[in-house]
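Now for the letters of each chain:
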Amino acid sequence: MKASFFGTVSYAGQVATRDWPVAPLHCDRAISSQTMQRGMEQILFAEELGFDWISLSEHHYSPRILTPSPMLFAAALTQRLKRAKIALLGPLLPLANPVRVAEELAMLDSMSNGRIIVLFLRGTPNEILTYRNNPDESREITQEGVELILRAWTEPQPFGWEGRYFNFRTVSVWPRPVQEPHPKVFSSGNNPESVRFAARHRIGLGMSFLPLPAIKNRVAMYREEAAKEGWEPTADDVLYRFYAHVTETDEEAAGNVGQVKLNLGKIYNVNENVVAAVTGNRPEMRELDRPFLFGNPSAAIDQIGELRECGVGNMDLAFIWPGVSYDKQLRSMECFASKVLPQVRGL
Amino acid sequence: MVVGEKDAASAGSLFDHLATKNRVLTMDWPSAAQITDRDLPASIAHTLAESGVDRYSVIGLSSGVPIAIGLAILIPKLINRLILISPPPIATSDAALYEDLSKIEAPSMVMIGTRDRSGAMDTGRLLRGKIRSCHFAMIYDADRDVLSDRPQACLIPIREFLDRGEEFIVCHESQIISP
């Protein structure tokens, strides 16, 4: 089992509102700069603790995650991380030019000497609103973008692309990625349609914030669909992102996390009809009572064991949770790395 | 001039589309004529010359691609544009053909569906590499019968390539959203 630390680079200051979008007037310029430095320090600490990957994600218009361009932060990481792989989980293709994404990822792969991993996503509901994308087309746009990027990385000759959503008369990406044929790619697997896509294209399956039965269901379907395509995925092809808070005792974890719930589908201060229109069928957009991985090290080991039984071979852990301070996140990371990680590596 | 698969339903849409601006010629020959692919280019060139057609573009559809290539090699100066759609595999041992591909002078385009698993992609790459001025257009989410699967995605670049040749890579569509 591999462990990835999700570097959220969350805003270091206090912001009273939970609205979306959060007004820029709440952003203290000095704290933003401090946030970037703290984010880097936390990531370097994660590498020191033994995490296999460092992951970044793309989110917009909010202090929750300050990497609207994860490529930029990843570029900085290529110059600081010595060993850990850099997982971009991931670029939002409906918001981007896929050829540009292919070029930037290839650059990063060159800069990191082949340590890039990527999961292409369509974005959470508020991201759909960011650059005014059509939510009804986001999956199709993402899937076409993935195919285009895979071609851009592997075609030996310049080519044109006559797509449904993208049209390029000349594509010829330089540099090529260091990894051959290309960096490890995951596709979202939260919905059955996306699971089929991942299996058909022989790429990894990335899920986030789903309950265990749903994970089990998606992985079984992935294997079934892959078999139809003539290949057999391993646990290394399956990734799950979740929240984690591991402490010495259950009581400490409960005290730190408190009674705060996290509603992933809610976009605060956005008209409910608008939210319903952009959310669609998103099984991960639900209310969470507590982090998926929660409690003392022994409980965490058991939970990871269940995850492994579902077929997950890569876990991406976010140590943020509303109300859990930065210092407590660091202590939880340390506790996880020293008391849980050594026990689950061999799973 | 369109060669190959002319009876396919999808070819009809291509003919109709082209005929709005062009004179479209297709070849028909009796199956008992014992004409080989090797003889056909010379025969077509001769027929067109006799008919007073002195310069023309050639579109090869699937099994017609080798004939279209043969024409472009045989009479390079007379071909305006060469478009090759869903080419069949070319024998890698055909060294003479490889040599001859460099004689093609016409701006060329190879068009292949991204779901085509027949080996057309390899042929497309080879043609892109050997023909001096060859564009390689992938039709997303189309199988071997690209004209049926995504007609608009094929007809627009074909039209633009016939009109503008190599300049078809230049976008002249306005990017103004609200003037």
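Before reading on, note that the structure itself is shown above.
Residues numbered from 1 in each chain as written. Chains lettered and ligands numbered in written order. Predicted model: local features only at pLDDT ≥ 70, side-chain atom pairs only at ≥ 80, totals over all residues. Heavy atoms only, no water.

S.K.: Can you help me understand the overall build of chain A in this one?
M.R.: Along its length, chain A carries 11 helices and 13 strands. Computed over its C-alpha atoms, the radius of gyration of chain A comes to 19 Å, within 12% of the 20 Å expected for a compact globule of 347 residues. Seen along its three principal axes, the alpha-carbon backbone of chain A occupies a region of about 60 × 50 × 40 Å. The proportion of buried residues among the 347 residues of chain A is 58%. Nonlocal contacts in chain A, meaning residues at least 24 apart in sequence, comprise 76% of its contacts between residues at least 6 apart. Surface accessibility of chain A: about 14900 Å² in total, with carbon and sulfur atoms responsible for 49%. Positive and negative side-chain charges of chain A, numbering 37 and 40 respectively, have mean locations separated by a distance of 1 Å. (Helix = DSSP H or I, 4+ residues; strand = E, 2+ residues; numbered from the N terminus. Rg over C-alpha atoms; globule rule 2.2 N^0.38 Å. Buried < 20%, exposed > 50% of the residue type's maximum accessible area, 1.4 Å probe, protein only. Contact = heavy atoms within 4.5 Å. Areas by Shrake-Rupley, 256 points an atom, 1.4 Å probe, with all protein chains shown as cover. Lys, Arg positive; Asp, Glu negative; His and termini not counted. Charge placed at Lys NZ, Arg CZ, Asp CG, Glu CD.)

S.K.: Would you take a moment to explain the packing of aromatic side chains for this structure?
M.R.: We describe a pair of aromatic rings using the distance from one ring centre to the other and the angle between the two ring planes. All names here are of chain A. One pass over the structure, following the stated rule, counts 16 aromatic pairs over all chains. Their ring planes at 65° and their centres at 5.8 Å tell us that F5 and F51 sit as a pair that is edge-to-face. A residue pair is termed long-range when its members are at least 10 positions apart, and F5 in strand 1 (residues 2–6) and F51 in the loop between helix 1 (29–49) and strand 2 (53–56) qualify at 46 residues. Like F51, F5 is buried. Judged by centre distance (5.4 Å) and plane angle (85°), the ring pair of Y243 and W321 falls under edge-to-face. Taken together, the positions of Y243 in strand 9 (residues 238–246) and W321 in the loop between strand 13 (314–318) and helix 11 (326–344) put the pair 78 residues apart, joining distant regions of the chain. Both residues of the pair, Y243 and W321, belong to the buried class. Members of the aromatic cluster, connected to one another through ring pairs, are F5, F51, F319 and F336. (Phe/Tyr/Trp six-rings, centres within 6.5 Å; stacked < 30°, edge-to-face > 60°.)

S.K.: Help me understand unusual backbone geometry, please; the structure alone is not making it clear to me.
M.R.: Excluding glycine, a negative phi dihedral is what most residues carry, and trans is how most peptide bonds are arranged. Of note, the bond from W174 of chain A into P175 of chain A is cis; its omega dihedral lies within 30 degrees of zero at -5°. Tracing the backbone shows P175 of chain A in the loop between strand 6 (167–171) and strand 7 (184–188). Cis peptide bonds are those with omega within 30 degrees of zero, and the linkage from E180 of chain A to P181 of chain A qualifies with 5°. On the secondary structure map, P181 of chain A appears in the loop between strand 6 and strand 7. With a phi close to 50°, V9 of chain A is a non-glycine residue in the positive phi region. We classify V9 of chain A as buried; its relative accessible area is 2%. Located in the positive-phi region is S62 of chain B, a residue other than glycine, with phi close to 50°. Relative to the assigned elements, S62 of chain B resides in the loop between strand 2 (56–61) and helix 3 (65–74).

S.K.: Looking at this model, I keep getting lost on the pairing of strand 5 (residues 134–139) of chain B. Mind explaining?
M.R.: Both faces of the sheet carry side chains from a regular strand, because those side chains alternate between them. Residues and elements named next belong to chain B. In terms of burial, strand 5 is largely enclosed, as six of its six residues are buried. Alternating positions in strand 5 separate into two faces, C134, F136 and M138 on one and H135, A137 and I139 on the other, with burial throughout. Note that the unit made of strand 4 (residues 108–113), helix 5 (residues 120–130) and strand 5 has a crossover that is right-handed. (Right-handed = clockwise from strand over helix to strand, strands pointing away.)

S.K.: Quick question: what am I supposed to make of the side chain of R241 of chain A here?
M.R.: Residues and elements named next belong to chain A. Note that R241 resides in strand 9. Of note is the side chain of R241, whose polar atom sits 3.1 Å from the backbone oxygen of L89. Here D316 takes part through its side chain, which lies 2.6 Å from a polar atom of the side chain of R241. Those residues within four positions of R241 in sequence are excluded, and the remaining contacts are F6, S55, L56, S57, L89, M207, S208, F209 and D316. (Polar contact = N/O pair within 3.5 Å; in protein donor to acceptor, adjacent residues only side chain to side chain.)

S.K.: Which parts of the structure should I look at to understand the sheet that holds strand 3 (residues 79–85) of chain B?
M.R.: In a beta sheet, neighbouring strands are held together by backbone hydrogen bonds and run either parallel or antiparallel to one another. Read from one edge to the other, the open sheet built from seven strands follows the order 6(A)-5(A)-5(B)-4(B)-3(B)-2(B)-1(B), with strand pairing classed as mixed. The sheet is open, and its two borders are formed by strand 6 of chain A together with strand 1 (2–3) of chain B, each paired with just one other strand. Pairing geometry for strand 2 of chain B and strand 3 of chain B, over five bridges, is parallel. Across the sheet, residue V58 of chain B finds its bridge partner in strand 3 of chain B, namely L82 of chain B. Most of the contacts of helix 5 of chain B go to strand 5 of chain B, to which it runs at about 155°, and overall it touches strand 3, strand 4 and strand 5 of chain B. (Pairing = 2+ DSSP bridges. Axes fitted to C-alpha atoms, helices over the stretch in contact; angles between N-to-C directions.)

S.K.: It is not clear to me how the packing of helix 10 (residues 297–310) of chain A against helix 11 of chain A should be interpreted in this structure. Could you clarify?
M.R.: Helix packing for two helices is described by the angle between their axes and how far apart those axes are. Residues and elements named next belong to chain A. Packing of helix 10 against helix 11 brings their axes to within 9 Å, and their N-to-C directions diverge by 40°. Compared by their axis directions, helix 10 and helix 11 come out oblique. Note that helix 10 runs across helix 11; the crossing there is right-handed. Of the residues in helix 11, those in contact with P297, A300, I301 and I304 of helix 10 are C335, F336, K339, V340, Q343 and V344. (Parallel < 35°, antiparallel > 145°, perpendicular 65-115°, else oblique. Left-handed = near helix turned anticlockwise from the far one by under 90°.)

S.K.: How do you make sense of the interface of chain B and chain A when you look at a structure like this?
M.R.: A common way to state how big an interface is: give the accessible area lost once the parts meet. With 18 residues of chain B at the interface, the matching set in chain A holds 16 residues. Contact with chain A buries surface across chain B, with R125, M138 and Y140 of chain B losing the most and accounting together for 42% of the total. In this structure, R169 of chain A and E160 of chain B form a salt bridge, with 2.6 Å as the shortest nitrogen-oxygen distance. For the interface between chain B and chain A, the tally reads 11 residue pairs in polar contact (both at pLDDT 80 or more). Broken down by secondary-structure element, the contributors of at least two residues to the side of chain B that touches chain A are helix 5, strand 5 and helix 7 (151–164) of chain B. Of the residues assigned to the side of chain B that touches chain A, the class counts are 11 nonpolar, two polar and five charged. (Buried area = accessible area lost by both parts, 1.4 Å probe. Salt bridge = Lys/Arg side-chain N within 4 Å of Asp/Glu carboxyl O. Nonpolar A, V, L, I, M, F, W, Y, C, P; charged D, E, K, R; others polar.)

Worth remembering: the numbers are spatial, not functional.
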